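The primary structure of each chain is shown beneath.
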Amino acid sequence: MKPTSASSSCALIKDGRFGFTSLLTAHTYHWSELGCSTIVAMVGMSLLRSAAAFAVRLSPLKSGNTAANLLTRTIPRADKVAVRWGHGKKMFVVKPTDYYDRRFLRLLQFYFLLTGIPVAVIITFVNVFIGEAEMAEIPEGYEPEYWEYYKHPITRWIARTIYDTPVKDYEKMMAVIQIEKEKADMRLTELEVRRLMRTRGDGPWFHVPTIHKGLIDNSPKSSPDN
Amino acid sequence: MPADFDKEAYPKPPRQTPVADKQTALPNPALILSKLFYYSVDLPVTTFRGVVDSIRAQNRSVYYHQKFRRVPDLTECVHGDYLCYYEAEMQWRRDFKVDQEIVKVIQERMRACQQREGHSYEQNCSKEIEQFNEVSNSYMSRYGDLGAYSSGRKCLMKQKERMMAAQAQSAI
């Protein structure tokens with residue numbers, strides 16, 4: 001069955017003598033249009049492929065390949081699938097599960113939109129029905145409230161309801177600075193007082209407690225500890 | 001609607017629409033398309049805008065431009081008076097923001113001029129370009145490389161360096 005030379009095998013194929021031209025009919029190529037050498041190449045390749053498929057199925061190690069039916073049964077051909085257009089045969093495609101991925105994305109969507117949609121609706125309604133403020137000159141003798149210095153209605157609402165007036169924030173900061181300044185001044189004076197008391201020796205901080213001067217025995221003694 | 005812009009700063013370019021001179025009996029496709037666009041897009045959008053404006057007219061509110069009192073500068077503060085330092089610092093920050101906005105306005109004017117004049121902007125917008133150069137140079141010399149942690153004190157020190165450099169320059 002080995003093709004002796006390219007030309008002879010071409011002649012044989014064109015005659016239809018070889019049994020494996022049935023293989024060629026399985027492909028949808030019109031082999032009359034192709035060149036002879038390409039047909040030989042294609043035949044060789046498809047031969048190899050089918051031979052490999054045959055060998056896999058026919059190996060005695062696989063289950064179902066008992067000695068009785070190895071040679072007698074018909075072998076299913078995987079490369080010869082009938083091509084049908086339109087409503088095809090339903091296939092169960094085996095692939096790893098995407099349940100967890102889809103569940104994650106579904107839950108992400110849900111929790112994102114749970115607050116996202118109300119927020120978007122609120123912002124749309126505020127912008128459409130209430131609208132931004134217009135710039136105006138401060139009228140004579142009128143002190144505007146601190147939230148009336150902002151343009152967008154939501155900013156105004158936040159400034160009115162949640163934040164303190166900026167004057168109060170300023171004063172709070174100034175109070176903190178004042179307290180820290182007083183603390184720093186006190187620490188400096190304390191250091192100065194310690195220094196002076198230690199050097200002059202008359203300050204109460206460096207007095208050492210001793211016994212009453214009336215208890216001192218001033219009589220002459222024979223040894224230091226008597 | 002917000003207040004109208006300054007008409008002298010952004011002058012309108014001269015109109016360039018040609019006079020209509022119809023010489024054929026065929027319909028003008030440009031006219032047809034423009035009418036189509038008007039009725040399908042322009043009119044619905046304008047009516048919607050009118051509806052929304054009429055709703056907004058009931059809830060009109062105003063906002064004002066806050067004016068701050070001037071407080072003593074950093075140079076007028078007694079040494080160790082941290083409250084005076086804080087007030088001067090806040091005032092310096094407000095002035096910094098105002099200067100940034102001034103530069104932005106001048107830049108916007110120059111960009112509008114360039115857009116208006118097209119390819120001949122270099123000679124027609126020379127006033128705006130010169131104004132922008134002057135303003136941005138003075139901004140850079142005052143606030144230039146102060147960095148992210150800029151403060152009134154650092155700006156004052158930069159001014160001192162500038163004055164020293166100017167003095168050294170004039171002494172030479």
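Refer to the preceding data block for the structure.
Owing to the predicted nature of the structure, the values given are computational and were not obtained by experimental measurement. Throughout, residues of each chain are indexed from 1 in the direction in which the sequence is written. For naming, the first written chain is A and the first written ligand is 1, with later ones following in the order written. Residues qualify for local features only when their pLDDT is at least 70, as the model is predicted, and side-chain atom pairs are given and counted only at 80 or more; totals for whole chains, interfaces and linings, by contrast, use all residues. Remark: hydrogens and water are excluded; side-chain values derive from all non-hydrogen atoms of the structure.

1. A look at the interface of chain A and chain B
For an interface, size is often stated in terms of accessible area lost upon the parts coming together.
So, point 1. If you look at the interface, chain A gives 26 residues, while chain B gives 19 residues.
So, point 2. Buried area is understood as the total, over both parts, of accessible area removed when two parts are fitted together, assessed with a 1.4 Å probe. Roughly 2,300 Å² of surface becomes buried between chain A and chain B when both sides are summed, with 63% attributable to carbon and sulfur atoms.
So, point 3. A per-residue breakdown of the area chain A buries against chain B is headed by A:Glu134, A:Tyr149 and A:Tyr170, which together make up 26% of the total.
So, point 4. We define a salt bridge as a contact between a side-chain nitrogen of Lys or Arg and a carboxyl oxygen of Asp or Glu at a distance within 4 Å. Where chain A packs against chain B, one counts one salt bridge.
So, point 5. Residues A:Glu134 and B:Arg60 are paired through a salt bridge, measuring 3.5 Å at the closest nitrogen-oxygen approach.
So, point 6. Pairs of N or O atoms are called polar contacts if they sit within 3.5 Å, as long as, within protein, a hydrogen donor faces a hydrogen acceptor (for residues adjacent in sequence, only side-chain-to-side-chain pairs). Inspection of the region where chain A meets chain B yields eight residue pairs in polar contact (both at pLDDT 80 or more).
So, point 7. Secondary structure elements are taken from DSSP: a helix is a run of H or I of four residues or more, a strand is a run of E of two residues or more, and numbering for both begins at the N terminus. Those elements giving two or more residues to the side of chain A that touches chain B turn out to be helix H4 (99-130), strand S1 (134-135) and helix H6 (166-200) of chain A.
So, point 8. With six residues, H6(A) is the largest single contributor of residues to the side of chain A that touches chain B.
So, point 9. If DSSP finds at least two bridges between two strands, the strands pair. Summarising the sheet, S1(A) and strand S1 (residues 62-63) of chain B pair through two bridges and their orientation is parallel. The residue bridging A:Met135 from the neighbouring strand is B:Tyr63, located in S1(B). Working rule for contacts: check all heavy atoms of both residues, and any pair within 4.5 Å makes them a contact.

2. So, the pattern of salt bridges
So, point 1. For the structure on display, the rule yields 14 salt bridges over all chains.
So, point 2. Across the pair A:Asp164 and A:Lys172 runs a salt bridge, and its minimum N-O distance is 3.1 Å.
So, point 3. Relative accessible area decides the class of each residue, using a 1.4 Å probe on protein chains only: under 20% of the type maximum gives buried, over 50% gives exposed, and in between gives partly exposed. Residue classification places A:Asp164 among the partly exposed positions, given a relative accessible area of 33%.
So, point 4. Between B:Arg111 and B:Glu108 there is a salt bridge; the shortest N-O distance is 3.6 Å. Here B:Glu108 and B:Arg111 lie together in helix H2 (residues 82-117), a separation of three residues that amounts to about one turn.
So, point 5. With relative accessibility at 52%, the residue B:Arg111 sits in the exposed group.

3. Focus on the packing of H4(A) against helix H1 (residues 29-58) of chain B
So, point 1. Interaxial angles span 0 to 180 degrees and are taken between N-to-C directions of axes, which are lines fitted to C-alpha atoms, for helices over the stretch in contact. Interaxial distance between H4(A) and H1(B) falls to 7 Å at its minimum, and their mutual angle equals 80 degrees. By the angle class used here, H4(A) and H1(B) are roughly perpendicular. Across the interface between the two elements, A:Asn127, A:Val128, A:Phe129 and A:Ile130 from H4(A) touch B:Val52, B:Ile55 and B:Arg56 from H1(B).
So, point 2. For the contact of H4(A) with H1(B), the residue count by class is five nonpolar, one polar and one charged. When describing relative orientation, an angle under 35 degrees is termed roughly parallel and one over 145 degrees roughly antiparallel, while 65 to 115 degrees is termed roughly perpendicular and anything else oblique. Amino acid classes used here: Ala, Val, Leu, Ile, Met, Phe, Trp, Tyr, Cys and Pro are nonpolar; Asp, Glu, Lys and Arg are charged; the rest, including Gly, are polar.

4. Here we look at the packing of helix H4 (residues 126-143) of chain B against helix H5 (residues 152-171) of chain B
Residue and element names in this part refer to chain B.
So, point 1. In contact at an axis separation of 8 Å, H4 and H5 are set at 110 degrees when each is read in the N-to-C sense. By the angle between their directions, the pair H4 and H5 is classed as roughly perpendicular. Contacts from Met 140, Ser 141, Arg 142 and Tyr 143 in H4 reach Cys 155, Lys 158 and Arg 162 in H5.
So, point 2. For the contact of H4 with H5, the residue count by class is three nonpolar, one polar and three charged.

5. Side note on the state of the cysteines
All names here are of chain B.
So, point 1. Two cysteine sulfur atoms make up a disulfide if the distance between them is within 2.5 Å. Under the defined criterion, the tally for this structure stands at two disulfides over all chains.
So, point 2. Here Cys 77 is linked by a disulfide to Cys 84, with a sulfur-sulfur distance of 1.8 Å. Here Cys 77 and Cys 84 share a disulfide; its torsion about the S-S bond, -80 degrees, makes the bridge left-handed. For the pair shown, Cys 77 and Cys 84 are each scored as buried.
So, point 3. Two residues share a disulfide in this structure: Cys 113 and Cys 125, whose sulfurs sit 2.0 Å from each other. Across the S-S bond linking Cys 113 and Cys 125, the dihedral sits near -100 degrees, which makes this disulfide left-handed. Of this pair, Cys 113 sits in helix H2 while Cys 125 sits in the loop between helix H3 (121-124) and H4, and the two are twelve residues apart along the sequence.
So, point 4. Cys 113 gets classed as buried once you look at its relative accessible area, which sits at 1%.

6. Some remarks on a nonpolar patch on the surface
All names here are of chain A.
So, point 1. Patch definition: residues above 30% relative accessible area lacking any salt bridge, with like charges linked at up to 9 Å and the nonpolar side chains Val, Leu, Ile, Met, Phe, Trp and Tyr linked at up to 5 Å. Areas reported here follow the Shrake-Rupley algorithm with a probe of radius 1.4 Å; residue values treat only the protein chains shown as occluding. A cluster of nonpolar side chains, namely Phe 112, Leu 113, Ile 117, Val 121, Phe 125, Phe 129 and Ile 130, defines an oily patch on the protein surface of about 670 Å² accessible area.
So, point 2. In this structure, Ile 117 sits in helix H4.
So, point 3. Here Ile 117 falls in the partly exposed class, since its relative accessible area comes to 47%.

7. Observations regarding the layout of surface pockets
So, point 1. Cavity and pocket criteria rest on a 1 Å grid covering protein atoms alone: a 1.4 Å probe that fits but cannot get out defines a cavity, protein on both sides within 12 Å along at least 5 of 7 lines defines an open pocket, and an atom within 4 Å of a point defines a lining residue. Grid points are joined across faces, edges and corners, and a volume is the space filled by probe spheres set on the points. Of the volumes computed, that of the largest pocket is approximately 1,500 Å³.
So, point 2. In terms of lining, the largest pocket is formed by 33 residues, of which the most central are B:Gln66, B:Lys67, B:Phe68, B:Arg69 and B:Arg94.
So, point 3. Those elements giving two or more residues to the lining of the largest pocket turn out to be H6 of chain A together with H2 of chain B.
So, point 4. Counted by class, the lining of the largest pocket contains 16 nonpolar, four polar and 13 charged residues.

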